[in-house]
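# Summary of structural features
Listed below, chain by chain, are the residues.
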Amino acid sequence: MSEWDFTWGLKGDALIEAQATGATAWDWEWLAKQEQLKQKSKKKSKRKNKKFKTNPNKSNGDD
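Procedures and definitions
- Residues numbered from 1 in each chain as written.
- Predicted model: local features only at pLDDT ≥ 70, side-chain atom pairs only at ≥ 80, totals over all residues.
- Heavy atoms only, no water.
- Helix = DSSP H or I, 4+ residues; strand = E, 2+ residues; numbered from the N terminus.
- Buried < 20%, exposed > 50% of the residue type's maximum accessible area, 1.4 Å probe, protein only.
- Areas by Shrake-Rupley, 256 points an atom, 1.4 Å probe, with all protein chains shown as cover.
- Polar contact = N/O pair within 3.5 Å; in protein donor to acceptor, adjacent residues only side chain to side chain.
- Patch = residues over 30% accessible without salt bridge, like charges linked within 9 Å, V, L, I, M, F, W, Y side chains within 5 Å.
- Salt bridge = Lys/Arg side-chain N within 4 Å of Asp/Glu carboxyl O.
- Lys, Arg positive; Asp, Glu negative; His and termini not counted.
- Charge placed at Lys NZ, Arg CZ, Asp CG, Glu CD.
- Phe/Tyr/Trp six-rings, centres within 6.5 Å; stacked < 30°, edge-to-face > 60°.
- Contact = heavy atoms within 4.5 Å.

### Section: the overall build of the chain
- In terms of helices and strands, the chain carries two helices and zero strands.
- Put simply, the chain has 63 residues, and 10% of those count as buried.
- In the structure as shown, the chain presents an accessible area of about 6,200 Å², 53% of it carried by carbon and sulfur atoms.

Printed below as a string of structure tokens:
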């Protein structure tokens, strides 16, 4: 399999874009979706972390 096999069937601007970037439109869509999932995951973990953070000004009972 050639490193350019991913360009088979592409024509015009889609072919030029794929050759210039090394990715097809489908690859870019997949990457965008993965980035969205990553951002959602970060937001969820930030919300989860906020629930468990303690207030440094409050006593935790160790006094």
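### Quick notes on the environment of threonine 21
- As for its placement among the helices and strands, threonine 21 is situated in helix α1 (residues 12–21).
- There is a polar contact of 2.8 Å between the side chain of threonine 21 and the backbone oxygen of glutamate 17.
- Separated by 3.2 Å, the side chain of threonine 21 and the backbone oxygen of alanine 23 make a polar contact.

### Details of a positive patch on the surface
- On the surface, Lys38, Lys40, Lys42, Lys43, Lys44, Lys46 and Arg47 cluster together to form a positively charged patch.
- Along the chain, lysine 44 falls in helix α2 (residues 25–52).

### What about the packing of aromatic side chains?
- Under the criterion given, the structure shown has one aromatic pair.
- Geometrically, the ring pair formed by tryptophan 4 and phenylalanine 6 is stacked, given 5.9 Å between the ring centres and 20° between the ring planes.
- Note on tryptophan 4: relative accessible area 40%, which makes it partly exposed.
- Judged by its relative accessible area of 28%, phenylalanine 6 is partly exposed.

### Some words on the side chain of threonine 24
- Structurally, the position occupied by threonine 24 is in the loop between α1 and α2.
- With near-sequence residues (within four places) excluded, threonine 24 lies in contact with Phe6, Leu10 and Ala18.

### Describing the side chain of threonine 7
- By the element assignment, threonine 7 lies in the segment before α1.
- Overall, the relative accessible area of 9% leaves threonine 7 in the buried class.

### A short note on a nonpolar patch on the surface
- Taken together, the side chains of Trp28, Trp30 and Leu31 present a nonpolar region at the surface, about 350 Å² in accessible area.
- Its place among the elements puts tryptophan 28 in helix α2.

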